[in-house]
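Examining the three-dimensional arrangement
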Amino acid sequence: MMETVVTAALDELSDAFKKRKTLITLIFCSIWFFFGLPCVLNSGVYWLTLFDWYSASFALMIISILECLVVCFIYGINRFCNDIKAMLGYRPNIFWRSCWLVITPVILTGVLGFSFYEYSAVAYAGESFPTWAEIVGWAMVILALLPLPIYAVYAVCQNGGNFMQTLRPVPNWGPALDKHRRIAGYPLLDGFNGDPTVMNSNGKEVKYLANDYPKSSMDGFKNPGFDAGENGQISVGLQCDIDSY
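Below or above, wherever it landed, is the structure these notes cover. What you are looking at is a predicted structure, and each value in this text was computed from that prediction instead of being measured.

The terminal C-alpha atoms of helix 4 (residues 44-88), which comprises 45 residues, lie only 44 Å apart, well short of the 66 Å expected from a rise of 1.5 Å per residue. Helix geometry: helix 4 is bent most strongly at Gly 76, by close to 100°. Once helix 4 ends, the next one or two residues include Gly 89, with phi positive near 95°.

Given below as structure tokens:
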């Protein structure tokens, strides 16, 4: 859990902070240490029960259901499986796809509905918590879910209020290397990155590099990548159907 938080923070920080991972980890550990102090006091078992009663149930299940729905039906289960293939070399089988598409969301929805149906005020050893503790518990649930609608509104505003455009990936979304983008089915990035490998129609990799082509000669080719030289000409990595030549 700590490594997940630290890695997410470092991804958002500048390169100067990425070189100080030990310091960033120490800062986060110190923060969580002070947050955990109430759990080791005489009232610690009550705080732990309060956290477990609310934050570890309702918010977690709601976020898990939304994650399944967004990945499978908005991002697309096929695109997600292609991404996994680019990383692992194979697509997930029908069992995993069925779990993500149907089984997991249905089970979690049933558990969430049953939790609401059987809901009772938080209690420990037969003793009910005061009203203010219940308010704190529901506040934890809301705080855990609040970033979802806030960032959704922010993303829509960043796209000029176009909701459908917000749901579509940006043009450069996908792996950083073109050889991985081909496996996952993404268009190649602009700019030749030193990888002249292309796929022919039989799925075999073919090395193809045309040097010193004038810029105008790229017309008609798909996704050309180029690196300009000092003489005004360029080295071109072209994605084309080798079998047609």
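Tallied over the entire structure, the rule returns 18 aromatic pairs. Where Phe 58 meets Phe 116, the ring centres are 4.9 Å apart and the plane angle is 35°; that geometry is what we call tilted. With a gap of 58 residues between them, Phe 58 in helix 4 and Phe 116 in helix 5 (residues 94-117) connect regions that are remote in the sequence. The rings of Tyr 54, Phe 58, Phe 116, Tyr 119 and Trp 138 are connected pair by pair, giving a single aromatic cluster. Taking the ring centre of Tyr 75 as reference, the NZ or CZ of Arg 79 above it sits at 5.2 Å.

Once that is clear, we can look at the packing of helix 6 (residues 131-145) against helix 7 (residues 147-158). The interhelical angle for the contact between helix 6 and helix 7, taken along N-to-C directions, is 30°, at an axis separation of 5 Å. If you check the angle between helix 6 and helix 7, you find them roughly parallel. Across the interface between the two elements, Leu 143, Ala 144 and Leu 145 of helix 6 pack against Pro 147, Leu 148 and Pro 149 of helix 7. Considered class by class, the residues forming the contact of helix 6 with helix 7 number six nonpolar, no polar and no charged.

Calculation notes
Residues numbered from 1 in each chain as written. Predicted model: local features only at pLDDT ≥ 70, side-chain atom pairs only at ≥ 80, totals over all residues. Heavy atoms only, no water. Helix = DSSP H or I, 4+ residues; strand = E, 2+ residues; numbered from the N terminus. Expected span 1.5 Å × (residues − 1). Bend = angle between axes of the 7 residues up to and from the residue. Phe/Tyr/Trp six-rings, centres within 6.5 Å; stacked < 30°, edge-to-face > 60°. Lys NZ or Arg CZ within 6 Å of the ring centre and 35° of its normal. Axes fitted to C-alpha atoms, helices over the stretch in contact; angles between N-to-C directions. Parallel < 35°, antiparallel > 145°, perpendicular 65-115°, else oblique. Contact = heavy atoms within 4.5 Å. Nonpolar A, V, L, I, M, F, W, Y, C, P; charged D, E, K, R; others polar.

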